Amino acid sequence: MTIITPAVAAKLANDVYDVQDNFVLKAFLANKIFTPNPQSKIVLKAAVGSRLLNTQDSFAVCARGGKGYENDLFLIFRGTTLSNYGADIMSDFRLGVERSVTGLPVHLGFNHAFTSLLTQLRAFIAGNLYGVNRIHCIGHSLGGAVATLAADWVRTHTALRVLLYTFGCPRVGFEFFATTVTTRLKTGNIHRVYHETDPVTMAPVYPFSHAPTPGHGYHVPSSQVMLSGAAHKMAAYIKSVEGRTWKMLKRPPPLTSNQKAIQQWLASDAPVSPLNPHTWAFINAGLQWVLQSIMAGAVASIQMGFMTFFTLADKIAWLLLKGIDLAKETSVWVLRLMRKIMQLVGMKVVKSVEQLTRAFMRNILERLMRKITEEAARAVRGIIG
């Protein structure tokens, strides 16, 4: 075997949530996809939370493959639970940026969870490398984010083929992270499944990006029309991929991949609703396109070093101000983008570009970041509440 089916990946991502229940965990570890040898199966513990509340509990299962997968290793990470007094949610929304262990700009909370289990992960892989050709990294939501960091680390430190499968995964790192991970793993080895109405997959906003890039993953339809916590549930993903192959899940690129469509949306009077998934897709694509139109090199420069989300908002505001000063045509697009964001976050819309100071745009961007974080948090609480 070289790849697992969408249904198998989804079931593993779902069942690993029971890693904290010792009784149910035994049944999970008895899955025939894993080796029957108990010496080649281990549960990893991770530290989650923040500086104020930091707990450690079972977070992942590592196992050698069973029949048909004898040359494979499985690294499966659970998503957010309430079993640790809400510490997982703090990791989800521990907003900040720092360098990953491979030197790339990533989400502070996700990186903290991953680095806390790295010593255990390193020991497991070192002890189970004999005869192994492939490693499957799997996870839903928070688990998908940590699985992404694990896949990047494994590929950097081994010559093995690494396959990544995520469901409802948030954006893990900046654009530089996404492009580097894509280069390291190769596009065909990255299987990102997401519902178009799942708000978790839309957070955080650009310059955070998804891998593979360029590419759009497997954006599958959901029964919800608007943003919904139900679209984030693993049960919904299991239903969406049931009986389908990866080829069958492929869909045409979304409209936001087309520059002309982005420009038309920014220039239009189309209503802006925070519950409409297309609004968020176009806001993110618009922000990316406008910033890259201003100075691609300058965008790259903000992707290094530790920063808070408020520092990030200030740096983006500085770039947008540079765009206003650069040329009249550029300033028009900055104004249109800011007007769309202001509508989205419920602010009174400005009429002229002269009103867009650096401090004012920083405030607009901070509100945008908080808004999508609130929508994502509502979805996460909805599946664990």
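In case you missed it, the structure is sitting above this.
Please read all numbers here as calculations on a predicted model, not as lab measurements.

(A) Region of interest: the pairing of strand β9 (residues 190–195). In terms of burial, β9 is largely enclosed, as 6 of its 6 residues are buried. What you see with β9 is no split at all: I190, R192 and Y194 on one side and H191, V193 and H195 on the other are buried throughout. Judged from the 4 bridges that link them, strand β7 (residues 161–167) and β9 form a sheet pairing that is parallel. Bridge pairing in β9 places T166 opposite R192. Two strands pair when backbone bridges link them, and β9 and strand β11 (residues 218–220) are joined in this way by 3 bridges, in the parallel orientation. Within β11, the position partnered with Y194 by the bridge is H219.

(B) Structural detail: the layout of surface pockets. The calculated volume of the largest pocket comes to roughly 960 Å³. Lining the largest pocket are 36 residues, with R171, H216, P254, T256 and A281 positioned closest to its centre. Here the lining of the largest pocket gets 10 residues from one element, more than from any other, and that element is helix α10 (residues 277–294). Considering only enclosed or pocket space, the second largest pocket measures out at about 180 Å³ in volume. Going through the elements one at a time, α9 (259–267) and α13 (328–345) are the ones with two or more residues in the lining of the second largest pocket. Taken together, the residues of the lining of the second largest pocket sort by class into 4 nonpolar, 2 polar and 5 charged.

(C) Just unusual backbone geometry, in detail. Cis geometry is adopted by the peptide bond preceding P212, which originates at A211 and carries an omega value of 5 degrees. Relative to the elements of secondary structure, P212 occurs in the loop between β10 (208–209) and β11. Residues T213 and P214 are joined by a peptide bond in cis, for which omega reads -5 degrees. With respect to the helices and strands, P214 occurs in the loop between β10 and β11. One non-glycine residue with positive phi stands out, namely S141, at about 60 degrees. Examined against the element boundaries, S141 turns out to sit in the loop between β6 (134–140) and α5 (142–157). We note that K186 has phi near 80 degrees; this positive angle belongs to a residue other than glycine. Its location among the elements puts K186 in the loop between α6 (175–185) and β9.

(D) Spotlight on α6. What α6 keeps buried is the set E175, F177, A178, T180, V181, T182 and L185. At the C-terminal side of α6, K186 shows a positive phi close to 80 degrees.

Cut-off values and rules
- Residues numbered from 1 in each chain as written.
- Predicted model: local features only at pLDDT ≥ 70, side-chain atom pairs only at ≥ 80, totals over all residues.
- Heavy atoms only, no water.
- Buried < 20%, exposed > 50% of the residue type's maximum accessible area, 1.4 Å probe, protein only.
- Helix = DSSP H or I, 4+ residues; strand = E, 2+ residues; numbered from the N terminus.
- Pairing = 2+ DSSP bridges.
- 1 Å grid on protein atoms, 1.4 Å probe; cavity = no way out; pocket = protein on both sides within 12 Å on 5 of 7 lines; lining within 4 Å.
- Points joined across faces, edges and corners; volume = space filled by probe spheres on them.
- Nonpolar A, V, L, I, M, F, W, Y, C, P; charged D, E, K, R; others polar.

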